[in-house]
Amino acid sequence: MTRTVAELAALLGARVEGDGTTPICGVAPIDTATAGHLTFLANPKYTDRLKDTHASAVIVATAVVDSLRERRLLPRGTLIVHDDPYYAFLRILVLFNPPPASPPPGIDATAVVGQRVHIGERVHVGPHCVIADDATVGDGSVIMAGSYAGAKTVLGSECMIGPNATILRECTLGSRVRIHPGTVIGSDGFGYAPIGGKHEKIPQVGGVTIGDDVEIGAGCTVDRATMGQTTIGRGTKIDNLVQIAHNVQIGEDCIIIAQVGISGSTKIGDHVTIAGQAGIVGHLEIGDNAVVAAQSGVGKSIPPGTVWLGTPAHEIGLQRRIYATISSLPDHVKTIHALEKRLAALEEQLAARIVPPTKP
Amino acid sequence: MTRTVAELAALLGARVEGDGTTPICGVAPIDTATAGHLTFLANPKYTDRLKDTHASAVIVATAVVDSLRERRLLPRGTLIVHDDPYYAFLRILVLFNPPPASPPPGIDATAVVGQRVHIGERVHVGPHCVIADDATVGDGSVIMAGSYAGAKTVLGSECMIGPNATILRECTLGSRVRIHPGTVIGSDGFGYAPIGGKHEKIPQVGGVTIGDDVEIGAGCTVDRATMGQTTIGRGTKIDNLVQIAHNVQIGEDCIIIAQVGISGSTKIGDHVTIAGQAGIVGHLEIGDNAVVAAQSGVGKSIPPGTVWLGTPAHEIGLQRRIYATISSLPDHVKTIHALEKRLAALEEQLAARIVPPTKP
Amino acid sequence: MTRTVAELAALLGARVEGDGTTPICGVAPIDTATAGHLTFLANPKYTDRLKDTHASAVIVATAVVDSLRERRLLPRGTLIVHDDPYYAFLRILVLFNPPPASPPPGIDATAVVGQRVHIGERVHVGPHCVIADDATVGDGSVIMAGSYAGAKTVLGSECMIGPNATILRECTLGSRVRIHPGTVIGSDGFGYAPIGGKHEKIPQVGGVTIGDDVEIGAGCTVDRATMGQTTIGRGTKIDNLVQIAHNVQIGEDCIIIAQVGISGSTKIGDHVTIAGQAGIVGHLEIGDNAVVAAQSGVGKSIPPGTVWLGTPAHEIGLQRRIYATISSLPDHVKTIHALEKRLAALEEQLAARIVPPTKP
């Protein structure tokens, strides 16, 4: 498929700078794009790359173009100027790479569907799936091969599950929820009571509730609540191999990156970002818009809007000073030893040489 | 279902303080309980919560009630007094939330069962399971949909597997073992020999032996031994996404929390606790009753009964002092710089001002 | 099966020291071997163990034997002397423990195979597998029960997949690739564009390309590229529960140990070792032959051939000095306080006692 820059700009309602007849046959990242590719620049920090890219055209933010022109730094070449280059690029990316067709509606002959199951319209249930008794699957949802939906699970409409995902009994998913392969929703929380020197299992009788537009990556585990619900709020996106323990409450529009672990009963606000491999202990509160940096270990609640780093985590300003100090610790210790020597010398000198003060 | 406090206390052989006719219709955690709920208080540190809870009644330890009464701090309200409040609460929790009925005995028509397989009585084998040749499944065990038991695997009685769990050839599970979804038992150990500049695979010809009453969470991986057995001792409980490498030996009644990694041939004693995201290098010994705190990195063997924290891990007392010092490191460095200046000033002062000692 | 030492040595083209008639019935590690076992010693550091082992014979490197003899330290007992003891041991290990027979060729009746699928000769497709449309499976490959190969996936010859593994659409595997159970290849990269305050999913239209002789452990996740390919180079070995993000490029013959996470677009050279639980942030370059130690957090690119440790990671020499200093930090702080006191005393002393310099 080929489109001219002018055709693409028209589709986006965008302005063209340069040659609108330039043919475009695909999209690529700015550093690997070649002739025929359209790319995009969102971050004004990287305007240098405009000069270096081999792309035939670039989608750029109006503000960036204006600022470059003012400073007479606007490079030659063809630009598509749009207020929201992310949005514009996504539209063109999808135009050139239409998503693979959804699997056709229908329940595969090898799927096993229980009793009193309610399956909506246009639903795909793939080979070897199991939908247990009393489950509900909303319109347009796709459950791929080998996935399991336990008794009384509820899936909203337009969900996308699996393959080989596991949703255990009595878990509830909103609409447009995406669960990637191998992920387990509703495994038992990790709770034992110390009885007679043994670990006696505490029955985990709660469930998991997942809001609309949540996406959960591959290989994750989300435990059901001991009592009540483990909840993941609308719009939150979770990467791969993330552990969410029982009774955790996650707010809306959070970003949780790979291999994070969140311990039991911790409450995460809205718009929180938790970077890769970070761990958060149980029964804490992480305020709205807070950020936890990668590999951090959070042992205390975090106020809204703050950024935390390190193990144990400190606010990022302090932690950066700590890291800077740590890098030069061996030098500081040398300084301490040098000070000790100089001080001892001085003490000796004084003991030996100073005349006593004259008596009054 | 509703029961009076007196009825519940009778069931437990417990004493009632307050109004035994109070109706109870469910259980809940002390901070979210509302009218009609029974809750419990085990930890004497949190006796304050007795005043604040909205629960209609609370299970409390005899010792706590006695101590509060002595100090005239016993709040009003209805109490069920029992020597072991954990145990009492578990019994009432199960009373109000009976576990979901076990799946009915029988082998699903879609399951594939190999030759010379021995399946005990009252066993459930779910849809799309595979039980390979020469496997044994003990009485009353449940293997849920999509799970795989390899050739010559042995499962004891009353085990609970899956769905979508994988137990590879020649692994042996005791009785009442629970393996959660997505978990893999008996994957090849990670062993290569450096031959001719390549990594040549060392065949992993050992197995995995899991004791009675072990529970292993979702998404875990337990590698088979290179030679001999990887072992997990009776009563040990393992959370989600935990990695157990080849030839690891884990003792009895251990608690291993999510995302822990234990490297090859390490030997863990009995009653050891390893908290979330901790890592232990290979060929170490972790003594009985030792505790490894969350995110710690253990590079040396640990004596019995000690508590370790940090990366690299130190005993918790030292590590807490280190952490306290680290938090104030930038201040200490300022102090060092200030000392340097004061010392230099002193040195200068002395050089300039001190008269030599009078000669004798 | 029993063989004499002489028979085994003949098989290996190796020399015997001691009694060639010694019967051997199996192999074992040097510290657990008993009578009848053959073991091996590769590392000259551990020659002490030659004296202590209960094995009936030991495979030892020619160089080690020569050196021990020179120093008159060669212990009694039967040795098989070979230039490459690793190689020799592997051959004998396999002799006594032949790998389980490959599952028989054929497509299980319960497998679901799509349209236009090309399946080579001697291929095994296990129960409940799904091979989607337009997939290719090379000669001699084994796909175990419950595994999924998406549309247009390509598997080379002699691959070994699953059980319960998931390879999503349009991923390409070379020959002799091993993918262990529960692993997911080709899950969507974690990419969202901030549009109107929401996280808008960036379609992940790229794929995953895996070279010949790659092995990927259980429970891993390898994301497809946003555009282009996530690649894993020939001969690289990956342990369990490892996360490889979108557009990561991994070179040849790398070793990546359990629970490592590699963030998006990072480029790993050849022969790189990344130890357990380490994390590498996105868009970095890790040079050939570099080593990242366990639990390290790498935030900057790493030159070839260097070894890095810690969070944030430093070169290992510096980091070891830092760790040594950190262990004694509380002592250093005491020294600082002591210095402060001594300095203050000196200052006071000087202020009180020093006579002013005589005027000139």
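Residues numbered from 1 in each chain as written. Chains lettered and ligands numbered in written order. Predicted model: local features only at pLDDT ≥ 70, side-chain atom pairs only at ≥ 80, totals over all residues. Heavy atoms only, no water.

Mind showing me how you'd approach the overall build of chain A here?
Within chain A, the regular secondary structure consists of 6 helices and 40 strands. The C-alpha radius of gyration of chain A comes to 29 Å, more than 25% above the 21 Å expected for a compact globule of 360 residues. Overall, chain A is about 110 × 80 × 30 Å in size when its C-alpha atoms are taken along their principal axes. Within chain A, the fraction of its 360 residues that count as buried is 55%. In chain A, the share of contacts with a sequence separation of at least 24, taken over all contacts with a separation of at least 6, comes to 19%. Of the roughly 14,700 Å² of accessible surface on chain A, 54% is carried by carbon and sulfur atoms. (Helix = DSSP H or I, 4+ residues; strand = E, 2+ residues; numbered from the N terminus. Rg over C-alpha atoms; globule rule 2.2 N^0.38 Å. Buried < 20%, exposed > 50% of the residue type's maximum accessible area, 1.4 Å probe, protein only. Contact = heavy atoms within 4.5 Å. Areas by Shrake-Rupley, 256 points an atom, 1.4 Å probe, with all protein chains shown as cover.)

Help me out: how do you make sense of the relation of the copies chain B and chain A in this one?
Put simply, the two copies of the chain differ by a rotation about an axis and a shift along that axis. With an RMSD of 0.2 Å, the fit of chain B onto chain A corresponds to turning through 120 degrees and sliding 0.1 Å along the axis. Both chain copies can therefore be described as sitting about a three-fold axis. (Least-squares fit on C-alpha atoms with pLDDT ≥ 70 in both.)

Sorry, what's going on with the pattern of salt bridges here?
Side chains carrying opposite charge are able to pair once their charged atoms draw close together. Tallied over the entire structure, the rule returns 40 salt bridges over all chains. Residue Asp188 of chain A is joined to Lys201 of chain A by a salt bridge in which the shortest nitrogen-to-oxygen separation is 2.9 Å. A residue pair is termed long-range when its members are at least 10 positions apart, and Asp188 of chain A in the loop between strand S21 (184-187) and strand S22 (192-195) and Lys201 of chain A in strand S23 (residues 198-201) qualify at 13 residues. The class of Asp188 of chain A is buried, set by a relative accessible area of 15%. Among the salt bridges present, the one from Asp212 of chain C reaches Arg176 of chain C, with a minimum N-O distance of 4.0 Å. Of this pair, Asp212 of chain C sits in the loop between strand S24 (207-210) and strand S25 (215-216) while Arg176 of chain C sits in the loop between strand S19 (172-173) and strand S20 (178-179), and the two are 36 residues apart along the sequence. Arg176 of chain C gets classed as partly exposed once you look at its relative accessible area, which sits at 40%. Here the residues in one salt-bridge network are Arg178 and Glu215 of chain A together with Asp188 and Lys201 of chain C, joined through shared partners. (Salt bridge = Lys/Arg side-chain N within 4 Å of Asp/Glu carboxyl O.)

Got a minute to help me understand empty space enclosed by the protein in this structure?
In this structure the tally under the stated criterion is 7 cavities of 30 Å³ or more. Looking at the largest cavity, its volume works out to about 210 Å³. Around the largest cavity, the lining comprises 26 residues; the ones closest to its centre are Gly182 and Gly219 of chain A, Gly182 and Gly219 of chain B together with Gly182 of chain C. Residues that form the lining of the largest cavity fall into these classes: 11 nonpolar, 15 polar and no charged. Approximately 180 Å³ is the volume found for the second largest cavity. What lines the second largest cavity is a set of 24 residues, among which Gly146 and Asn164 of chain A, Gly146 and Asn164 of chain B together with Gly146 of chain C lie closest to the centre. (1 Å grid on protein atoms, 1.4 Å probe; cavity = no way out; pocket = protein on both sides within 12 Å on 5 of 7 lines; lining within 4 Å. Points joined across faces, edges and corners; volume = space filled by probe spheres on them. Nonpolar A, V, L, I, M, F, W, Y, C, P; charged D, E, K, R; others polar.)

I would appreciate a short explanation of the confidence of the model for chain A in the present structure.
Any region with low pLDDT has predicted coordinates that should not be read closely. Here chain A averages 93 in pLDDT, and 98% of its residues register 70 or above. The complex prediction reports pTM at 0.93, with the ipTM value standing at 0.92. (pLDDT = per-residue confidence, 0-100.)

Is there a simple way to explain the packing of aromatic side chains in this structure?
How two aromatic rings sit relative to each other is given by the distance of their centres and the angle of their planes. Tallying each qualifying case throughout the model produces 9 aromatic pairs over all chains. Look at Phe40 of chain B and Phe89 of chain B: their rings are 4.3 Å apart centre to centre, the planes differ by 15 degrees, and that puts the pair in the stacked class. Of this pair, Phe40 of chain B sits in strand S5 (residues 37-41) while Phe89 of chain B sits in helix H4 (residues 85-96), placing them 49 residues apart in sequence. Given the relative accessible area of 5%, Phe89 of chain B is considered buried. Note on Phe190 of chain C and Tyr192 of chain C: the rings are 5.1 Å apart at their centroids and 80 degrees apart in plane angle, and the pair reads as edge-to-face. With relative accessibility at 14%, the residue Tyr192 of chain C sits in the buried group. One aromatic cluster is present, formed by Phe40, Tyr86 and Phe89 of chain A through successive ring pairs. Lying across the ring of Tyr46 of chain A, Arg49 of chain A places its NZ or CZ 4.2 Å from the centre. (Phe/Tyr/Trp six-rings, centres within 6.5 Å; stacked < 30°, edge-to-face > 60°. Lys NZ or Arg CZ within 6 Å of the ring centre and 35° of its normal.)

Please explain the sheet that holds strand S19 (residues 172-173) of chain B as it appears in this structure.
Hydrogen bonds along the backbone pair up the strands of a sheet, which may run parallel or antiparallel. Residue and element names in this part refer to chain B. Strand order across the open sheet formed by 9 strands is S10-S13-S16-S19-S24-S27-S30-S33-S36, with parallel pairing between neighbours. Sheet topology places strand S10 (118-119) and strand S36 (285-286) at the edges, where each strand pairs with a single neighbour. By the bridge criterion, 2 bridges tie strand S13 (residues 136-137) to strand S16 (residues 154-155) in an arrangement that is parallel. Residue pairing across strands places Val137 opposite Leu155, the latter belonging to S16. (Pairing = 2+ DSSP bridges.)

Please explain the interface of chain B and chain A as it appears in this structure.
One frequently used descriptor of interface size is the decrease in accessible area upon assembly of the parts. The interface is formed by 63 residues belonging to chain B together with 66 residues belonging to chain A. Carbon and sulfur atoms supply 71% of the area that chain B and chain A bury against each other, a total of about 4,900 Å² over both sides. The tally of links from chain B across to chain A stands at 4 salt bridges. Applying the counting rule to chain B against chain A returns 23 residue pairs in polar contact (both at pLDDT 80 or more). Of all the elements, helix H6 (residues 329-353) of chain B adds the most residues to the side of chain B that touches chain A, at 12 residues. Class assignment of the residues belonging to the side of chain B that touches chain A gives a composition of 38 nonpolar, 16 polar and 9 charged. (Buried area = accessible area lost by both parts, 1.4 Å probe. Polar contact = N/O pair within 3.5 Å; in protein donor to acceptor, adjacent residues only side chain to side chain.)

I would appreciate a short explanation of the interface of chain C and chain A in the present structure.
Taken together, the 66 residues of chain C in the interface contact 62 residues of chain A. Both sides of the chain C and chain A interface together cover about 4,900 Å² of buried area, and 71% of this is carbon and sulfur. Between chain C and chain A we count 4 salt bridges in total. Two residues, Glu215 of chain A and Lys201 of chain C, come together in a salt bridge whose shortest N-O distance is 2.7 Å. If you look at where chain C meets chain A, you find 23 residue pairs in polar contact (both at pLDDT 80 or more). Counting only elements with at least two residues in the side of chain C that touches chain A, the list comes to strand S21 (184-187), strand S22 (192-195), strand S23 (198-201), strand S26 (221-223), helix H5 (316-327) and helix H6 (329-353) of chain C. With 12 residues, H6 of chain C is the single largest residue contributor to the side of chain C that touches chain A.

Where do I start with the side chain of Asn164 of chain B in this structure?
With respect to the helices and strands, Asn164 of chain B occurs in the loop between strand S17 (160-161) and strand S18 (166-167). At 3.3 Å, the side chain of Asn164 of chain B and the backbone oxygen of Gly146 of chain A are in polar contact. Those residues in contact with Asn164 of chain B that lie beyond four places of it in its chain are Gly146, Tyr148, Asn164, Ala165 and Thr166 of chain A, Ala145, Gly146, Ser147, Pro181 and Gly182 of chain B together with Asn164 of chain C.

Where do I start with H4 of chain B in this structure?
An α-helix turns once per 3.6 residues; consequently, residues spaced three or four apart project the same way. Look at H4 of chain B: 16 Å from first C-alpha to last across 12 residues, which is about the 16 Å you get at 1.5 Å a residue. Of the residues making up H4 of chain B, those classed as buried are Pro85, Ala88, Phe89, Leu90, Ile92, Leu93 and Phe96 of chain B. (Expected span 1.5 Å × (residues − 1).)

What is the right way to look at the sheet that holds strand S6 (residues 57-61) of chain C in this model?
Residues and elements named next belong to chain C. Overall, mixed pairing links the 5 strands, which are arranged S2-S7-S6-S5-S4 in an open sheet. At either margin of the open sheet sits one strand with a lone partner, and together these are strand S2 (15-17) and strand S4 (26-27). Inspection of the sheet shows S4 paired to strand S5 (residues 37-41) by 2 bridges, in the parallel sense. Bridge pairing in S5 places Val27 opposite Leu38. Together, S2, S5, S6 and strand S7 (78-82) form the strand contacts of helix H1 (residues 5-12), whose direction differs from that of S7 by roughly 5 degrees. (Axes fitted to C-alpha atoms, helices over the stretch in contact; angles between N-to-C directions.)

I tried to follow the packing of helix H1 (residues 5-12) of chain A against helix H4 (residues 85-96) of chain A on my own but got confused; where do I start?
Helices that pack against each other are described as a pair by the angle of their axes relative to one another and the distance between those axes. All names here are of chain A. Look at H1 against H4: their axes get within 10 Å of each other, and the N-to-C directions meet at 120 degrees. As judged from the angle between their axes, H1 and H4 are oblique. The two elements H1 and H4 meet at a crossing, and its hand is right-handed. Here Leu8, Leu11 and Leu12 of H1 come into contact with H4, specifically with Ala88, Arg91, Ile92, Leu95 and Phe96. Looking at the contact of H1 with H4, its residues break down into 7 nonpolar, no polar and 1 charged. (Parallel < 35°, antiparallel > 145°, perpendicular 65-115°, else oblique. Left-handed = near helix turned anticlockwise from the far one by under 90°.)

I'm lost on H1 of chain A in this one. Help?
Residue and element names in this part refer to chain A. Where H1 is concerned, the buried positions are Val5, Leu8, Ala9 and Leu12. Down the axis of H1, the buried side of the element spans an arc of 100 degrees, and every buried residue falls inside it. At the exit of H1 stands Gly13, carrying a positive phi of roughly 65 degrees. (Arc of directions from axis to C-beta.)

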